[in-house]
Number of protein chains: 2
Amino acid sequence: MNKIPQATAKRLPLYYRFLNNLNHQGKKRVSSKELSEAVKVDSATIRRDFSYFGALGKKGYGYNVEYLLGFFRKTLDQDELTDVALIGVGNLGTAFLHYNFLKNNNIQIKMAFDAAKEKVGTDIGGVPVYHIEDLEDKMTGIKVAILTIPASEADGITNRLVEQGITGILNFTPARITVPDHIRVHHIDLAVELQALVYFLKHYPLSKED
Amino acid sequence: MNKIPQATAKRLPLYYRFLNNLNHQGKKRVSSKELSEAVKVDSATIRRDFSYFGALGKKGYGYNVEYLLGFFRKTLDQDELTDVALIGVGNLGTAFLHYNFLKNNNIQIKMAFDAAKEKVGTDIGGVPVYHIEDLEDKMTGIKVAILTIPASEADGITNRLVEQGITGILNFTPARITVPDHIRVHHIDLAVELQALVYFLKHYPLSKED
DNA sequence: AATAAGTCGTGATATATTTCACAATATTAT
DNA sequence: ATAATATTGTGAAATATATCACGACTTATT
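What counts and how
Residues numbered from 1 in each chain as written. Chains lettered and ligands numbered in written order. Predicted model: local features only at pLDDT ≥ 70, side-chain atom pairs only at ≥ 80, totals over all residues. Heavy atoms only, no water. Near = heavy atom within 4 Å. Polar contact = N/O pair within 3.5 Å; in protein donor to acceptor, adjacent residues only side chain to side chain. Helix = DSSP H or I, 4+ residues; strand = E, 2+ residues; numbered from the N terminus. Nonpolar A, V, L, I, M, F, W, Y, C, P; charged D, E, K, R; others polar. Contact = heavy atoms within 4.5 Å. Buried area = accessible area lost by both parts, 1.4 Å probe. Salt bridge = Lys/Arg side-chain N within 4 Å of Asp/Glu carboxyl O.

Caption draft 1: Quick peek at the protein's contact with DNA strand D. Within the structure, DNA strand D sits among 26 residues, and Ser32(A), Arg48(A), Gly57(A), Tyr63(A) and Lys59(B) are positioned closest to it. Among the atoms of DNA strand D close to the protein, meaning within 4 Å, 58% are from sugar or phosphate groups. Note that a base nitrogen of DNA strand D is positioned 2.9 Å from one of the side-chain N or O atoms of Arg47(A). One of the side-chain N or O atoms of Arg48(A) is found 2.5 Å from a base oxygen in DNA strand D. Among the secondary structure elements, those contributing two or more residues to the surface near DNA strand D are α3 (43-51) of chain A together with α1 (6-24) and α3 (43-51) of chain B. Partitioning the surface near DNA strand D into residue classes produces seven nonpolar, nine polar and ten charged.

In structure tokens form, the structure reads like this:
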């Protein structure tokens, strides 16, 4: 089952969300062409992506929205809830806390940490904010963390997270953190994204979108 | 000159920032191996990336930090300033406004727009906030926009940006916006990123980082 | 001066991803 | 019923990216 290409895996949450929208709109069937226009992914790519999970559609018909949705729900473990901790309740962190992941997703931000006294003890978007000192005490059992702290804090906090037994980190700091091999880190660097866009605009005019 | 792979282009801002750090630390030379450890990119990939720009290093020595930095400064148009407008001054938008892009970068957020009266007229991180109604009036000459608004607003605002003559959009809304072919859109979907990380953790244990 | 160690640049290869294009099948229209 | 149209699933080809591995050259060491 581990033979799904990573590029495909990255598109699954996107497909899932759009199928959910269609379902709410009461749409019963959808073709790869329609889906392609909605999510801006080539229709052949969509069919190929789906095909890794078997023959989910019907020739000449398309895909049954409800069936496909149900299938992805299982595949993406939408039943199983994943608890996440957020470290750093600045503007970016707060944006995450207000994002209602539970609405469509299988992810729940269970707690947040910050060093600022005025934030500790509050509730943001229903998520309690604890002091960063209490990380080890409070975070038992949580395997995924979102890092929205200043770059200068990244290494120190990362080490504590590793110590605590984390398995995945979504790193929004510009620092490229070092972790043992068994821990997965995804980097999202807002400045790099913006710079890359500007670079593409200057050097790859008129090309297709990313 | 347009033959640089996109994957390489996406890493350039990253290299640039780390070279800048090294330079500030007073380091004179650096090898692809050292750089590899810092930015977590395979050293052969780094050498290949650099090689698209010619022979920038010296065999047996490595790369001269200052020279390489100067080279990238030119290549990445670090001299030329790109003005950017930010649409939507919520938590995510505010995070961007506090990010000091000018420090290391060639990008300046020149203005921001929001619909909330209490935000209009203020200055956040040195960036003036205008009312979204005034978008067409104020935004003349700006070619790049960051979209940090609710998904429901995405299509409407996008159309106005297209009308106004935008060429690039960094879209943080979950909506996949539709634009004419000559406009480049990069999507960053925070929920998708988090879901993808969780999916990888469950289905691709122990693999290398992304 | 000779040797050892370090490092680049790159041809070749491996891996990953996307896209084409079409047979097979389902639906719709007449 | 029949023909026309729509759409999947996938082999094959194309494209894109990453990695290996080594000759050539530089620097450091003895």
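Caption draft 2: Quick peek at the interface of chain A and chain B. On the side of chain B, 73 residues touch chain A, which itself brings 72 residues to the contact. For the pair chain A and chain B, the summed buried area comes to about 6900 Å², and 61% of that belongs to carbon and sulfur atoms. The shortest N-O distance in the salt bridge between Glu80(B) and Lys202(A) comes to 3.2 Å. Put simply, chain A and chain B have twelve residue pairs in polar contact (both at pLDDT 80 or more) between them. Elements supplying a minimum of two residues to the side of chain A that touches chain B: α1 (6-24), α2 (32-39), α5 (91-98), β7 (144-147), β8 (168-171), β9 (184-187) and α9 (190-203) of chain A. Here the side of chain A that touches chain B takes 14 residues from α9(A), the largest share from any one element.

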